[in-house]
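Residues per chain are reported as follows:
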Amino acid sequence: MNELFIQIVLGISIASTPLIFAAIGELVVERSGVLNLGVEGMMIVGAITGFAVQFHYNNVVLAVLASIVAGMMLATVFALLTQVLLTNHVATGLALTLFGLGVSAFWGRTYSKVTVDRIDAISIPGLSDLPVVGPLVFSYDPLFYLSIMAVSLVWYFLNKTKKGLILRAIGDNHDAAHAIGHKVVRYRFLAILFGGAMAGLGGAYLSLVQVPIWVEGMTAGRGWIALALVVFASWQPFKVIVGALIFGGISILQLHAQGFGVNVDAQYLSMLPYLMTIIVLVTLRVRSKSKSDRVMPHCLGKVFHSTQ
Amino acid sequence: MIRLQTRTNNSNAMVFLSPILALTLTALSTFFIFFLAGVDGFGAFYVLFIEPLSTKYNFSEMLVKAAPLMMIALGLSVGFRAGVWNIGAEGQYTVGAIVGGAVGLYFYEVEGFWVLPLMSLAAIVGGMLYAGIAAFLRTKFQVNEILVTLMLTYVAILLLSAMVHGPLRDPDGFNFPESRLFHDSATLPIIWEGTRVHIGLALAVIFSFLTYFWIKKHISGVQINISGSAPRAAKFAGFDENKAVWTSLLISGGLAGLAGLLEAAGPVGQLVPHLPTGYGFTAIIVAFLARLNPLGIIFSSLLIALTYIGGENAQITYDLPSSITSIFQGMLLFYFLACDVMIRHKIIFSFSKNINHE
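Just so you know, the residues in each chain are numbered from 1, in the order the chain's sequence is written. By the order in which they are written, chains take letters starting at A while ligands take numbers starting at 1. For this predicted model, a pLDDT threshold of at least 70 governs which residues receive local features, and a threshold of 80 or more governs which side-chain atom pairs are given and counted, while totals over whole chains, interfaces and linings are taken from all residues.

## Details of the overall build of chain A
For chain A, the helix and strand inventory stands at 13 helices and zero strands. Starting at the N terminus and ending at the C terminus, chain A contains elements arranged as α-α-α-α-α-α-α-α-α-α-α-α-α. The quantity called the radius of gyration is restricted to C-alpha atoms. Its globule counterpart is 2.2 Å times the number of residues to the power 0.38. Since a compact globule built from 308 residues should have a radius of gyration of about 19 Å, the 20 Å found for chain A is in line with a globular shape. On the principal axes, the C-alpha backbone points of chain A span a range of 65 × 45 × 45 Å. Put plainly, a residue is buried at 20 or more neighbouring C-beta atoms within 10 Å of its own, exposed at 12 or fewer, and partly exposed in between, counting only other residues' C-beta atoms, which are placed from the backbone. Counting the 308 residues in chain A, one finds 51% classified as buried. Each residue gets a C-beta atom placed from its backbone, and two residues are in contact if those atoms lie within 7 Å. Here the analysis covers contacts within chain A between residues at least 6 apart in sequence; of these, 79% occur between residues at least 24 apart. A run of H or I in DSSP counts as a helix once it spans at least four residues, and a run of E counts as a strand once it spans at least two, with each numbered from the N terminus.

Structure below.
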């Protein structure tokens, strides 16, 4: 098997994993009827938290857990504002992104010139050494496997459990769900926390696996791409993986394009993932206009207040 | 438990009190952050909020920063009223600067009163077309304008970088990724001697009043307003939703484009890769702090501009990173949104499980 091919496949998985984490979290949030535009902010705070903990304690488990907690802390602010104080989802999410970018830059200023030990790919004795299959299936880092597991669990939760059904019902019609006695605010609060945890984890992946350094603003719009991925996946968990692989693929191919003799300025190639997002959103609508309307949670982004 | 009870009438007192309360809470939180960072709170506070107002230089720089914020926020407020979320003003700002700047560079060393108006026109059209992409995709394919405008922002910033590395690079600039300096006819007139305050500030204030009267008095402005606050009513009244989308995206795109050119042909004086510094995003906060009121935007843009100057001063005096500004801005919006809840609701703290509903 071609060395370059394996290298590209591994590269794509590394580029896709943070997107999978952030998008699967936001997917649950949106399925509950909440639009959290703060993904980028939660991700970058997760990135700096994971990095700082890894730098001081050199313990990857602790670092990953800390970034999850950090993402959840920011999500708590969002949940309190939108669920208890009934603020506008869009404005609050944007404030969260700004706040997260600011906090991470403020905190991260002392970490700009250091590196940490990155999380390595696991090697399974016997399996990882197999030709072809070894490097292609059994040679990823543990967080990659975790991201696939998270998607599967979310799929199971949403489609196979009673609580998942209630969560979807709340996202589609919070007034009806409230009327039959479901705790709208509680479900949404927990969904938002899950979204924060996953975004934090996605951020940790950036600073602990992708590149073990801290750079201000290192998420570079991945939180926003994750939001687009949720729409791309038409709110279906497994399609998130497909979408993330496509986006990861574009960003990796863009790196290798010059190697293949494509003579285009780097700036134009870097535009590809963003342009691709738009093109995909459009073709999706052209292909199945009515279908995606049906899957979008009907109460997405609407403020819920039980007057009764 | 915290419970919200809807008021029968909006509280007029809270309309005025909530911004003050939000500012106070933000100030206290900033103190706390300084405390954590080991900085003298009172000193830093003076540097952040008083010093910018105390010298001519700082005060004028505040006005320079307020101009683009005011202009972009005005356009955004129109869209937000209509429920159209243009989050990518930063991109339209950048495209405006590229297109308007390119016109200025094309007429390099050509003297004439028409050069600047032509550049401005090009910038407005550039910004409009760029935002128009989102309007087209939303009205034609129901594609979410938040994502489209945002993705296009990253594209625009990369395009600017490609331009100043390529076609628009200064031929005598030793390969630095910068354009030529705009010549005199392509540079904004200064309206306050000895400072960088340019005509853009006057334009922004005039636009604020125009937008105010348009929204309040003119039928198309009222339609925009209603299609956001009561979409169903707007539909029954026969207002065209697509028209509201187009109008608000074209206005916000045009104003953001103009703001980009004013920055390039004003304080910066050339096209540089770091021209987009986040005004397009900060303007969203400016618009919300003004509760989307065009006249309020004059004040909120000054307040946010103050935090920029204060942040820069804190960087010099206390070696604090300038990111303190975005922490501050994010918190201010959090508190402001939270406090504004009290205009329409009473907050009731109750500790018993059985609440008697009225």
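There's plenty left to go through after this.
## Examining the interface of chain B and chain A
Listed by partner, the interface residues are 36 residues for chain B and 41 residues for chain A. At the level of secondary structure, the elements contributing two or more residues to the side of chain B that touches chain A comprise strand S1 (2–6), helix H5 (115–141), helix H6 (145–165), helix H11 (279–289) and helix H13 (324–344) of chain B. No other element matches H13 of chain B, which puts 11 residues into the side of chain B that touches chain A. Counted by class, the side of chain B that touches chain A contains 26 nonpolar, 10 polar and no charged residues. Residues are sorted three ways: Asp, Glu, Lys and Arg are charged, Ala, Val, Leu, Ile, Met, Phe, Trp, Tyr, Cys and Pro are nonpolar, and all the rest, Gly among them, are polar.

## Quick word on helix H4 (residues 89–108) of chain A
In this scheme, a helix's expected span is set at 1.5 Å multiplied by one less than its residue total. Here H4 of chain A contains 20 residues, and its C-alpha end-to-end distance of 28 Å stays within 8% of the 28 Å for a straight helix at 1.5 Å per residue. For H4 of chain A, a buried count of 20 out of 20 residues is recorded, marking the element as mostly surrounded by other parts of the structure.

## Some remarks on the environment of Gly71 of chain A
All names here are of chain A. Its location among the elements puts Gly71 in helix H3 (residues 60–84). Separated by 230 residues in the primary sequence, Gly71 and Gly301 have C-alpha atoms spaced 20 Å apart. Non-local contacts of Gly71, meaning those with residues more than four positions away in its chain, are made with Met42, Val45, Gly46, Gly196, Ala197, Ala199, Gly200, Leu201 and Gly203.

## Quick word on the nonpolar core
In plain words, the nonpolar core is the set of buried Ala, Val, Leu, Ile, Met, Phe, Trp, Tyr and Cys residues that C-beta atoms within 7 Å link up. Counting residues in hydrophobic clusters, the biggest one holds 222 residues, and the most contacted among them are Ala23 and Leu229 of chain A together with Ile72 and Ala287 of chain B. With 16 residues, helix H9 (residues 184–210) of chain A is the largest single contributor of residues to this core. In contact with Leu229 of chain A, other than residues within four places in its own chain, are Leu19, Ala23, Val240, Gly243 and Ala244 of chain A.

## What to know about the packing of H11 of chain B against helix H12 (residues 294–318) of chain B
Helix packing geometry: the angle between the two helix axes and the distance between the axes. Residues and elements named next belong to chain B. Contact pair H11 / H12: the axes reach a minimum separation of 8 Å and the direction vectors enclose 130 degrees. In terms of orientation, H11 and H12 fall into the oblique class. Considering the relative orientation of H11 and H12, their crossing is right-handed. Counted together, Thr282, Ile285, Val286, Ala287 and Leu289 of H11 and Ile297, Ser300, Ser301, Leu303 and Ile304 of H12 form the full contact between these two elements. Along the lines of polarity and charge, the residues of the contact of H11 with H12 split into seven nonpolar, three polar and no charged. Only the stretch in contact is used when fitting a helix axis, every axis being a line fitted to C-alpha atoms; angles between N-to-C directions are given from 0 to 180 degrees. Any angle that is under 35 degrees is reported as roughly parallel, and any over 145 degrees as roughly antiparallel; angles of 65 to 115 degrees are reported as roughly perpendicular and all others as oblique. Crossing handedness: left-handed means the near helix sits turned counterclockwise from the far one by under a right angle, and right-handed means the same turn made clockwise.

## A look at unusual backbone geometry
All names here are of chain A. The residue Leu86 is not glycine, and still its phi comes out positive at about 55 degrees. Following the sequence through the fold, Leu86 ends up in the loop between H3 and H4. With a phi close to 60 degrees, Trp235 is a non-glycine residue in the positive phi region. Tracing the backbone shows Trp235 in the loop between helix H10 (222–232) and helix H11 (237–257). Assessed through the 21 C-beta atoms surrounding it within 10 Å, Trp235 is described here as buried.

## Overview of the packing of H11 of chain B against H13 of chain B
All names here are of chain B. Contact geometry for H11 and H13: axes closest at 10 Å, N-to-C directions at 30 degrees. In terms of orientation, H11 lies roughly parallel with respect to H13. For H11 against H13, the interelement crossing comes out left-handed. Facing H11, whose interface residues are Thr282, Ile285, Phe288 and Leu289, H13 presents Gln329, Leu333 and Phe336.

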